[in-house]
Amino acid sequence: MKFPPFGLPFRSQSASTAPAPRTTLAAAMEQSRYRLMVTAAVVTTVFATIGVKLVAATLFSQGGEPRQHHALELDSTTTNRADIVDRNGNLLATSLVTQSLYADPKLISRPEEAARKLVSALPELDYKEVYGKLSGDKRFVWLKRNLTPKQQYAVHRLGVPGISFEREERRFYPAGNLTSHVVGFTGVDNNGLAGLEQGFSKRLNEDPATPLQLSIDLRLQHVLRKELTATIQEFSAIGAAGIVYDVRTGEVMAMTSLPDFDPQDPTGLNPDTLFNRATLGVYEMGSTFKIFNSALALDSGKIRVSDTFDAVHPIKIGRFTINDYHSLHRALTVAEVFQHSSNLGSVRMVQLIGIAAQRAFMAKMGFMRPTALELPENGWPLAPNPWREVNSMTISFGHGISVSPMHTVAAAASVINGGVFHPPTILRRQPGAEIPGEQVVSRQTSDMMRRMFRFVVADGTGKSAGVKGYVVGGKTGTADKQKGRHYQKNSRMSSFLGAFPMHDPRYIVYVLVDEPKATAKTYGYATGGWVAAPAVGRIIKQIGPLLDVPTVDENAPEILNATFLNAAGSTNWAQQAPNAPSSAAPPPPKGSTVASFPTPAKPR
Amino acid sequence: MITFDRTDQSIFGRWWWTVDRWQLGAVALLMFLGTVLITAASPPVAERIGIQDMFYFVERHLMMLVPAIAIMCGVSLLSPRGVRRAALGMFVIALLLVYATLVVGVEIKGARRWIHIPGLSIQPSEFIKPAFAVVAAWLFSLSRTSPGFPGALVSIALYGVTMAGLILQPDLGMTFVVSAVWFTQFFLAGLNIMLVMGLGGLGIAGLFGAYLFLPHVTSRINRFLDPHAGDNYQVNRSMEAFANGGLLGTGPGQGTVKFSLPDSHADFIFAVAGEELGLIFCLFLVALFAFVVLRGFARVFNDTNYFVLLATAGLLIQFGLQAAINMGSALHLMPTKGMTLPFISYGGSSLLALGFGMGMVLALTRKRFGPTE
């Protein structure tokens, strides 16, 4: 059948050529019925689709389109000062947007009423002061800075004319006291006044989008502060400082100085709490300085670890007499001088080296200038000038030169890490970045120093710092404090510089306790070995797992190969009988370890 | 229920025994469900636009439902010839009114669609839809039954005149529905299959042109294609409502979507149904709409009257298409398009026009014996 253009007849002539109308209609209706079925199929499909989508939207929509949350859009969070974060990204300092209240007194017609209302909404304001401000003839007076949203709402509700708010930012320190001496604090206008906030104030303001990442680990910081607090309480000390330090990179992993402060509200505090003992305070370090004296002696090539020195006869120089408090009344090897912390031995060693070499070595160790640490609180050492013979002698056992704990830790790191001095830093070193360093002692010297460190904890004054499996080494230190021109008998600084694991040193844990008082438990002693060494042990026990340091069997041959040293200066552990380490020189009972502590001759 | 004797030869008796009672029941059920849903969905709308009486929309809806039922029943009494005449008269009046809106109409949101008569606002384009479907069916059938009458050409001419009026308003939703219905009728009337494709292509080109040249259409379609391109607030809330409802719904009156959707009593009433009455009810509603359409198709399938077949199909496709667009919009199956859900949504003109259209369907699907022409 041939269809005209539209498929259905238009004109009469098409009808005349077409079959009879009745037949045409019947055929057309047949086609329409067929097409009606097609249409019905389409209709069914459309409604079925709606049904399917309905099931999907009702029962299976949770996984499909996430629900949109129409949360209140807060003021954009971009602030004008960068955050400070720890090495793991934990927030240590951040900026919050706040509103500050000010007034234009010219616009206030009834200052009494306005002042009364404001004081009712903000009770911490003083009526007289507010009234004075509002009745003045200035065009701008601050009434209160950094209001909370609740306070702002309360002031809004008063409907007082002539007062207004200005957007400001306020520094907020989520870690609070925990990092107070590291992070520092800012003033009311967000300028840094202490700590990193001061040291990096410009950087924080110029690049607000990038947080400043520190080398500090908040977890270690917590352990350190907790143990220092406990030690202060136990020994009724007036303060303490502590540092955890990565000897391979020079990164400060934790640093605490007690007492500390709340960086949120540092005003009106005792200046003592704002004082950073770990970096700004410089102290005579006492016996811990024998680390550097021994390194100097061994590195000179003139003295070997088995050489013996007279520790019997006191040394007189000018009006001073140098003595050992509890002398063993015999000659001591270099190892024993370190082990028993003999002053006489130390002096005799440096006498062999010479004054100039000693001074040059101390300069290499960084004791002539402030450390490279980025904190503004960075103490200048007190070194003698001129450097006379008497200075040389006292410096050999840690008196007559004052350095900060940070100086001591950074220098000690170079002595045990293979001999490379890394400038200390409180910023995180990026992985893969080159670490600046300078070879200051030979690898052999460093190797022997590691053994001496281990010897002190394995069989010397630092036994209580030992933690099974972590191969701890270290050196105690006790120094009487000078008040005015005299040393005080019962006012001392007790410290312990510990490191672990000694077969492959990674971290130094340093604790300094200011004026500890002896307790019954310590048999009347308040020296480094009794006060600071146990604290270092407790800290290592807690932070070792956090730092992923694997524990080892301390008597395994490979560990002894790397760490063994006996009193005679031998590193061959295999020759020793089972009880060998103590056979060369019977160790004094625990109470007598103090015998070898530096005890200045009067008045010294 | 009033019963009529099989032998009752009164007008109502004859009507009762010849009318499609299943169809009638389905429509009555839709009206009932619509009233329930508007009662649930409209009070928050009234509150939002500041009307004191929270049942304002419910009362208005019931007020319009009574004349709508009256019109439907009245029209369903007509013979096919009477239907044709009524549709023709309605078409002429509605067309004049559509053009009148361009002059005396009230402009709402950039379109002139409404004529205000004291106490009542009328949207003439609603009435032109069913009327034109019947008139077009008549013209198509005439070209078959009265050889020599150029039915298709007249139909094309009337289509053009109607389109012009609707596009000038502008009322694109109505334009689309009228076009789709007319095209389907033309298809049913035996349009050459090549021309079916050609006109189909033209329709797609028309939609594409609207997308290119009418900014609000562009925006609607963009937002449909890319949910993140702009504000999809209504559809997002609607989809949340369905998810919230689940299988059984939160219970009548317990939904929350009506508090946040501006058109919850009209264009998005299906979302309120989904939330408050759940999946099972909504599937039933979809099936009910499909039933009305397919039931009508089945009734006229074997009808010997060509006009009846084309007119009924046209009216039912219009009814079904409108329902599908409304439900599809709420379910994010297509770009949102303001279209009422037949007999469910609130809307005075829409309800009266639907009563008129459904009355004609009922009239045309009545059992007839012997030639009725």
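Computed from a prediction, not measured in an experiment: that's the story for all the values here. (Residues numbered from 1 in each chain as written. Chains lettered and ligands numbered in written order. Predicted model: local features only at pLDDT ≥ 70, side-chain atom pairs only at ≥ 80, totals over all residues. Heavy atoms only, no water.)

Caption draft 1: Representation of the interface of chain B and chain A. At the junction of the two partners, chain B supplies 59 residues and chain A supplies 42 residues. Scanning the region where chain B abuts chain A turns up zero salt bridges. Elements with a contribution of two residues or more to the side of chain B that touches chain A: helix H5 (124-145), helix H6 (151-168), helix H7 (172-188), helix H8 (193-213), helix H10 (233-245), helix H11 (269-301) and helix H12 (306-330) of chain B. Per element, the largest residue contribution to the side of chain B that touches chain A is 12 residues, and it comes from H11 of chain B. (Contact = heavy atoms within 4.5 Å. Salt bridge = Lys/Arg side-chain N within 4 Å of Asp/Glu carboxyl O. Helix = DSSP H or I, 4+ residues; strand = E, 2+ residues; numbered from the N terminus.)

Caption draft 2: Representation of the environment of Ser464 of chain A in the model. Residues and elements named next belong to chain A. Examined against the element boundaries, Ser464 turns out to sit in the loop between helix H18 (443-459) and strand E18 (473-483). Ser464 gets classed as partly exposed once you look at its relative accessible area, which sits at 22%. Along the primary structure Ser464 and Val531 are separated by 67 residues, whereas in three dimensions their C-alpha atoms are 9.4 Å apart. In terms of polar contacts, Ser464 uses its side chain to reach the backbone carbonyl oxygen of Gly529, at 3.0 Å. (Buried < 20%, exposed > 50% of the residue type's maximum accessible area, 1.4 Å probe, protein only. Polar contact = N/O pair within 3.5 Å; in protein donor to acceptor, adjacent residues only side chain to side chain.)

Caption draft 3: Expanded view of the confidence of the model for chain A. Residues and elements named next belong to chain A. Scored by pLDDT, chain A has a mean of 83; 87% of the residues are at 70 or more. Low confidence marks residues 9-20, where pLDDT is under 50. Its contacts with residues over four positions away, or in another chain, come to 14 contacts. Contacts from residues 577-604, a stretch scored under 50 in pLDDT, to residues over four places away or in other chains number 57 contacts. (pLDDT = per-residue confidence, 0-100.)

Caption draft 4: Structural detail: empty space enclosed by the protein. Under the criterion given, the structure shown has four cavities of 30 Å³ or more. Computed from the structure, the largest cavity encloses a volume of approximately 70 Å³. Forming the walls of the largest cavity are Pro130, Leu315, Gln318, Phe319, Ala353, Leu354, Gly357, Met358 and Val361 of chain B. Secondary structure elements with two or more residues in the lining of the largest cavity: H12 and helix H13 (348-364) of chain B. Broken down by element, the residue count for the lining of the largest cavity peaks at five residues, all from H13 of chain B. Looking at the lining of the largest cavity, its residues break down into seven nonpolar, two polar and no charged. For the lining of the second largest cavity, the elements supplying multiple residues, two or more each, are helix H7 (180-183) and strand E9 (252-258) of chain A. In terms of residue class, the lining of the second largest cavity is built from three nonpolar, seven polar and one charged. (1 Å grid on protein atoms, 1.4 Å probe; cavity = no way out; pocket = protein on both sides within 12 Å on 5 of 7 lines; lining within 4 Å. Points joined across faces, edges and corners; volume = space filled by probe spheres on them. Nonpolar A, V, L, I, M, F, W, Y, C, P; charged D, E, K, R; others polar.)

Caption draft 5: Here's a closer look at the pairing of strand E8 (residues 239-246) of chain A. Residue and element names in this part refer to chain A. Taking burial as the measure, the eight residues of E8 include eight buried ones, the bulk of the element. Judged by which residues are buried, E8 turns out to be covered on both faces: Gly239, Ala241, Ile243 and Tyr245 on one side and Ala240, Gly242, Val244 and Asp246 on the other are all buried. Relative to strand E20 (residues 507-514), E8 runs antiparallel, the two being bridged by eight bridges. Looking across to E20, one finds that Gly242 is bridged to Val511. Summarising the sheet, E8 and E9 pair through six bridges and their orientation is antiparallel. Following the sheet pairing, Ile243 is matched in E9 by Met255. Counting the residues between successive antiparallel strands, the hairpin from E8 to E9 contains five residues, one of them, Gly250, with a positive phi of roughly 80°. (Pairing = 2+ DSSP bridges.)

Caption draft 6: Expanded view of a nonpolar patch on the surface. Together, Leu59 and Phe60 of chain A together with Leu247, Leu248 and Ile280 of chain B make up a nonpolar patch on the protein surface, roughly 530 Å² of accessible area in all. As for its placement among the helices and strands, Leu248 of chain B is situated in the loop between H10 and H11. (Patch = residues over 30% accessible without salt bridge, like charges linked within 9 Å, V, L, I, M, F, W, Y side chains within 5 Å. Areas by Shrake-Rupley, 256 points an atom, 1.4 Å probe, with all protein chains shown as cover.)

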